[in-house]
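Read off the chains here:
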Amino acid sequence: MSGAREAVARISEDVVTGEGAPAASAPARQASAGWKVLPIVEGLVLLIALVLPWVLQDYLTVFATRVVILALFALSFDLVWGYAGIMSFGQALFFGAAGYGVALMARDLNVTSILLILPAGALIGLTAALLLGGFLLLGRYPSSVIFVSLGTLTGSYAADRLARGWYYLGGQNGIPSIPPLTLGSYEFEEGPVYYYMVLAILVVVYLLCRFLVRSQFGLALAGLRENEQRIAFFGYKAQHLKAIIFAVGGTIAGLAGSLYAFHEGFVWPNMLGVVFSTQVVLYVLFGGSGTLIGAVIGTVIIEGVSFWLSDNYRDVWPIILGVLLLLVIMFRPLGLISFVLGERERVGRFGKAPKEAGNAAP
Amino acid sequence: MPLLEAQGISKVFGKLTALDGADLTVGENEFHGLIGPNGSGKSTLMKCVAGAEVPTTGKVSFVNTDITAFTPTERARAGMSLKFQITSVLPTLTLYDNILLALQAQSSLFDLVLSRTRNRLHDQVMTMLTQFRLADRAHDAAAALSHGQQQWLEIAMALAGKPRLLLLDEPTGGMSLEERRVTGELLQPIKQHCSLVIVEHDLGFIRDICDRLTVLDQGKVLASGTVAEIQANKSVQEIYLRRA
């Protein structure tokens, strides 16, 4: 047992230093180079993620898989809050709703094909986000931040209570023993294959998000985040923009939720509730909201550190983690990524530069 | 037919009557100054026209359409634009992106996601920046500009969508004398395609660029007419110009 614990400690350190190290040493060097920090950090993270199953013991690969799925979940919140400035305290509603939805598909309809489950999960997330977002965000006049944050929080809380009380959904215990995800006759068991499958999905979704936030639509989102009223006076349909990005966020959360349900093999009410909703806020704030890679790094570090702390400081680890989070949020409001990333690059540019860059495609 | 016609606009905040049946008429290609002592209701009238406030009673028509119940977005799409009193450029974005943000407001979602209008809008962005003497700083963050330059950037943003009516709330607030003079110069060329309603404390500035003036006092219109008529108006002199 102590050997296992050592391994956990060593691996967790790898995870932490692997992505924390550039954060500590590189800022001065990178600052002068301008424009190039993000791709380097992204490349490093991807590299580490790719080799991880080769150096990790199997049970840690299972843990790493969970972290990658949560990173996907974090991306959904980052789009909604970090890029569009919508304070969603109920992002787990979409995550959990999709998780429950696909669990029911497996339990009651015997559907486990990845080709059906993932689109279904995304669709459930999308639908839930359209319904809740339509109610909270659409209207002739913009809704206040308080209204939106309390509305999403309430939605998430209510869904949690509903699941706890509903016998069909398994009540407090949730839905256990979800069979493995399948592709034809192949079954995705926990381990390296599942890991690489979710990593591939994360990379694809990440690239799509990156495309989106660096487009002219991303510029509109930046305007929305900084001054919603101002851009309405330009003629933007600000509420529509918000509902759209909220729906995109819900879709990604749904995708993550369905992967999570099949990976864990069960779903339970917490997946819908305030705990998961708050956790994802912390991932993003910790890593750096408004940068996609910040959301991923925040998830990895918080989950890695909690894993390590809970093993080594069984009694006090939540307090240590809490203090750590507070320190980062107080002294680095833009998250850990701000150690290496300058303001200019974080905001970045939008669309293809036609003449200044000279080499853009039409 | 006037471009903008606001009739009998009243605005009551609790017990305070900020506007009491004010009228404002602005013709095509007219620069119209809105003046009056502090608290006379200038800014409130401006906000009711722009859609930032909903008037308690009264009617606003713009290009023969009743826009009283239009949201700011709908007004912008009808051809009305507003520069806020408090500078509200987007400080972290570059000047270029600030203007692009204003210009692309009416691009379709599809075009925005695929970044299809940026090439087409590039020349317009640079024209606006050049016109407002900001082209050499196109890729600086707006936060790095002086207060006066931020005001210009904001006017440029407000003009980017080629509005038919521009509402300027205290454009020269906090500017140096030289900056005020330049602002006047920068505004002159837009007369060819745009009307202007301007709230301003600097009467010299107003006299120099405006064709007509409306004087408000305690929420009511005291007088309205050409600059010469207003200057000759006895009650205006008593209530306002004397003090200035």
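Everything quoted here is computed from the prediction, not taken from an experiment.

(A) Examining the interface of chain B and chain A more closely. Facing the 28 residues of chain B at the interface are 30 residues of chain A. Put simply, the parts of the chain that give the side of chain B that touches chain A at least two residues each are α2 (72–78), α3 (95–103), α4 (109–113) and α5 (118–131) of chain B. Looking at the side of chain B that touches chain A residue by residue, the class counts come to 13 nonpolar, 12 polar and three charged.

(B) Expanded view of the domain arrangement of chain B. Residues and elements named next belong to chain B. Split by domain assignment, chain B resolves into domain 1 (4–89 + 145–241) and domain 2 (90–144). A separation of 25 Å is found between the C-alpha centroids of domain 1 and domain 2. With 14 residues of domain 1 at the interface, the matching set in domain 2 holds 16 residues. With nine residues, helix α6 (residues 147–160) is the largest single contributor of residues to the side of domain 1 that touches domain 2.

(C) Representation of the nonpolar core. A:A71, A:L72, A:A74, A:L75, B:I99 and B:A156 are the most contacted members of the largest nonpolar core, which totals 184 residues. Residue contributions to this core reach at least three from each of two domains, namely domain 1 (4–89 + 145–241) and domain 2 (90–144) of chain B. For A:A71, the residues in contact, after removing those within four places along its chain, are A:L202, A:A295, A:V296, A:T299 and A:V300.

(D) Fine view of the sheet that holds strand β4 (residues 57–62) of chain B. Residue and element names in this part refer to chain B. Read across the sheet, four strands follow the order β2-β1-β4-β5 without closing on themselves; strand pairing throughout is antiparallel. Across the chains shown, the open sheet's two edge strands, defined by having one partner strand only, are β2 (16–26) and β5 (65–66). By the bridge criterion, seven bridges tie strand β1 (residues 4–13) to β2 in an arrangement that is antiparallel. Paired with L4 across the two strands is V26, which belongs to β2.

(E) Region of the structure containing the confidence of the model for chain B. Of the residues in chain B, 98% have a pLDDT of 70 or more, and the chain-wide mean is 88. Note on the complex model: pTM 0.86, ipTM 0.88.

(F) Region of the structure containing the environment of A:S306. Here A:S306 lies in helix α13 (residues 292–312). Residues contacting A:S306, with those up to four places away along its chain left out, are A:W317 and A:L321.

(G) Summary view of α6(B). Residues and elements named next belong to chain B. Between its first and last C-alpha, α6 extends 20 Å over 14 residues, near the 20 Å set by a 1.5 Å rise per residue. Judged by how many residues are buried, α6 sits mostly within the fold: 12 of 14 residues are covered. Three or more residues of α6 are buried, namely Q149, Q150, Q151, W152, L153, E154, I155, A156, M157, A158, L159 and A160. On its buried face, α6 sits against β6 (80–83), α3, α5, β7 (165–169) and α7 (177–187). Two residues or fewer past α6, K162 is found with a positive phi of approximately 50°.

(H) Layout of helix α14 (residues 317–331) of chain A. Helix length check: α14(A), at 15 residues, gives a terminal C-alpha distance of 21 Å against a target of 21 Å (1.5 Å per residue), a fit within 8%. Across the 15 residues of α14(A), one count as buried, placing the element largely on the outside.

(I) The packing of helix α5 (residues 92–109) of chain A against helix α12 (residues 274–287) of chain A, seen in detail. Residues and elements named next belong to chain A. It is at 8 Å that the axes of α5 and α12 come closest, and there the two elements cross at 125°. By the criterion of interaxial angle, the relationship of α5 to α12 is oblique. For the crossing formed where α5 meets α12, the hand is right-handed. Where α5 abuts α12, its residues A92, F95 and G96 lie against F276, S277 and V280. When the residues that make up the contact of α5 with α12 are grouped by side-chain class, the tally is four nonpolar, two polar and no charged.

(J) Fine view of the sheet that holds β7(B). All names here are of chain B. In spatial order, the strands read β6-β7-β8-β3-β9-β10; together these six strands make up an open sheet with mixed pairing. Each edge of the sheet is formed by a strand with only one pairing partner; in this case those strands are β6 and β10 (220–226). Within this sheet the neighbouring strands show an average axis-to-axis angle of 15°, counted without direction. Judged from the six bridges that link them, strand β9 (residues 212–217) and β10 form a sheet pairing that is antiparallel. Paired with D217 across the two strands is K220, which belongs to β10.

(K) Region of the structure containing unusual backbone geometry. Phi is positive for B:N29, which is not a glycine, with a value near 50°. Of note, B:N29 is situated in the loop between β2 and β3 (31–35).

(L) Structural detail: the environment of B:M175. All names here are of chain B. Among the secondary structure elements, M175 is positioned in the loop between β7 and α7. Its 21 C-beta neighbours within 10 Å are what place M175 among the buried residues. Sequence-wise, M175 and Q149 are 26 residues apart; in three dimensions their C-alpha atoms are separated by 9.2 Å.

(M) Just the pairing of β6(B), in detail. Residues and elements named next belong to chain B. Burial along β6 is two-sided: M80 and L82 and S81 and K83, pointing in opposite directions, are all buried. The pairing of β6 with β7 spans four bridges and is classified as parallel. Bridged to M80 within β7 is L165.

Rules behind the numbers
Residues numbered from 1 in each chain as written. Chains lettered and ligands numbered in written order. Predicted model: local features only at pLDDT ≥ 70, side-chain atom pairs only at ≥ 80, totals over all residues. Contact = placed C-beta atoms within 7 Å. Helix = DSSP H or I, 4+ residues; strand = E, 2+ residues; numbered from the N terminus. Nonpolar A, V, L, I, M, F, W, Y, C, P; charged D, E, K, R; others polar. Domains from an automatic or database assignment. Core = buried A, V, L, I, M, F, W, Y, C linked by C-beta atoms within 7 Å. Buried ≥ 20, exposed ≤ 12 C-beta atoms within 10 Å, placed from the backbone. Pairing = 2+ DSSP bridges. pLDDT = per-residue confidence, 0-100. Expected span 1.5 Å × (residues − 1). Axes fitted to C-alpha atoms, helices over the stretch in contact; angles between N-to-C directions. Parallel < 35°, antiparallel > 145°, perpendicular 65-115°, else oblique. Left-handed = near helix turned anticlockwise from the far one by under 90°.

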